[in-house]
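# Geometric and topological summary
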Amino acid sequence: MAAVSGAVTAAVVMLPIVVDGRWWNLTLPVIIGGLCGLLVGLVAVAGGRYALRTSVFWPPRSRNRWRHRFGLCSAASVVLLFGALFAWGVAASSGGSGLPGSMVALAVLGIVSYLFAYLLAPVRTT
């Protein structure tokens, strides 16, 4: 699901490169977006596994609280990893003007990761 949403997002963002009906111009952005979505999904799954481990020692009180914990752990893992990558990219660039765009992209990644994880949270095991 993460790879598909990444591919669709890349296709929508890169839609202006379609000139004169050349839809194959979207091939590379869709592939890169799918791979980035897959990476985000793998990191979110790692955060979800952490939430599963915490439920053994600290059981949630309700299904809703479990879904919030699962979403927060998944989104936090995505934000921590990609925040570090964005910070490295801004620090490695010659100018510091990439910071606002990186912060917006990081916020969107975190919000979308939280929503997907909240909606797709498994039934708790405890």
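Structural data are supplied above this passage.
Here we summarise the structure given alongside this text. (Residues numbered from 1 in each chain as written. Predicted model: local features only at pLDDT ≥ 70, side-chain atom pairs only at ≥ 80, totals over all residues. Heavy atoms only, no water.)

### Focus on the overall build of the chain
- The helix and strand inventory of the chain stands at 4 helices and 0 strands.
- For the chain, the sequential pattern of α-helices and β-strands runs α-α-α-α.
- Carbon and sulfur atoms provide 75% of the accessible area of the chain, an area that totals close to 8300 Å². (Helix = DSSP H or I, 4+ residues; strand = E, 2+ residues; numbered from the N terminus. Areas by Shrake-Rupley, 256 points an atom, 1.4 Å probe, with all protein chains shown as cover.)

### What about the side chain of Ser77?
- Of note, Ser77 is situated in helix 3 (residues 63-92).
- Discounting residues that sit within four places of it in the chain, Ser77 has contacts with Val43, Ala44 and Gly47. (Contact = heavy atoms within 4.5 Å.)

### Let's talk about the layout of surface pockets
- Reported here for the largest pocket is a volume of approximately 900 Å³.
- What lines the largest pocket is a set of 32 residues, among which Ala2, Gly37, Val40, Gly41 and Leu109 lie closest to the centre.
- Those elements that place two or more of their residues in the lining of the largest pocket are helix 1 (2-13), helix 2 (27-57), helix 3 and helix 4 (99-119).
- Of all the elements, helix 2 adds the most residues to the lining of the largest pocket, at 12 residues.
- For the lining of the largest pocket, the residue count by class is 22 nonpolar, 9 polar and 1 charged. (1 Å grid on protein atoms, 1.4 Å probe; cavity = no way out; pocket = protein on both sides within 12 Å on 5 of 7 lines; lining within 4 Å. Points joined across faces, edges and corners; volume = space filled by probe spheres on them. Nonpolar A, V, L, I, M, F, W, Y, C, P; charged D, E, K, R; others polar.)

### Structural notes on a nonpolar patch on the surface
- Together, Met1, Val104, Val108, Val112, Phe116, Leu119 and Leu120 give the surface a local cluster of nonpolar side chains, amounting to about 690 Å² of exposed area.
- Structurally, the position occupied by Leu119 is in helix 4. (Patch = residues over 30% accessible without salt bridge, like charges linked within 9 Å, V, L, I, M, F, W, Y side chains within 5 Å. Salt bridge = Lys/Arg side-chain N within 4 Å of Asp/Glu carboxyl O.)

### Section: the environment of Asn25
- If you trace the backbone, Asn25 turns up in the loop between helix 1 and helix 2.
- Distance in space between the C-alpha atoms of Asn25 and Ala11 is 9.8 Å, their sequence separation being 14 residues.
- Asn25 has contacts with Ile17 and Val19, leaving out every residue within four places of it along the chain.

### Quick notes on helix 1
- Here helix 1 is 12 residues long and its end C-alpha atoms lie 16 Å apart, about the 16 Å a rise of 1.5 Å per residue gives.
- Turning to helix 1, its buried residues are Gly6, Ala7, Ala10 and Ala11. Down the axis, helix 1 shows its buried residues gathered within 135° of arc, on one side only. For helix 1, exposure combined with an orientation more than 90 degrees from the buried face picks out Val4, Val12 and Val13.
- Tucked into the core, helix 1 has its buried residues touching helix 2. (Expected span 1.5 Å × (residues − 1). Buried < 20%, exposed > 50% of the residue type's maximum accessible area, 1.4 Å probe, protein only. Arc of directions from axis to C-beta.)

### Focus on the environment of Arg69
- Among the secondary structure elements, Arg69 is positioned in helix 3.
- You can call Arg69 buried: its relative accessible area is 11%.
- Each C-alpha atom of the pair Arg69 and Ile31 lies 32 Å from the other, and the pair is 38 residues apart in sequence.
- Residues within four places of Arg69 in sequence aside, it is in contact with Ala51, Thr54, Ser55, Trp58, Pro59 and Pro60.

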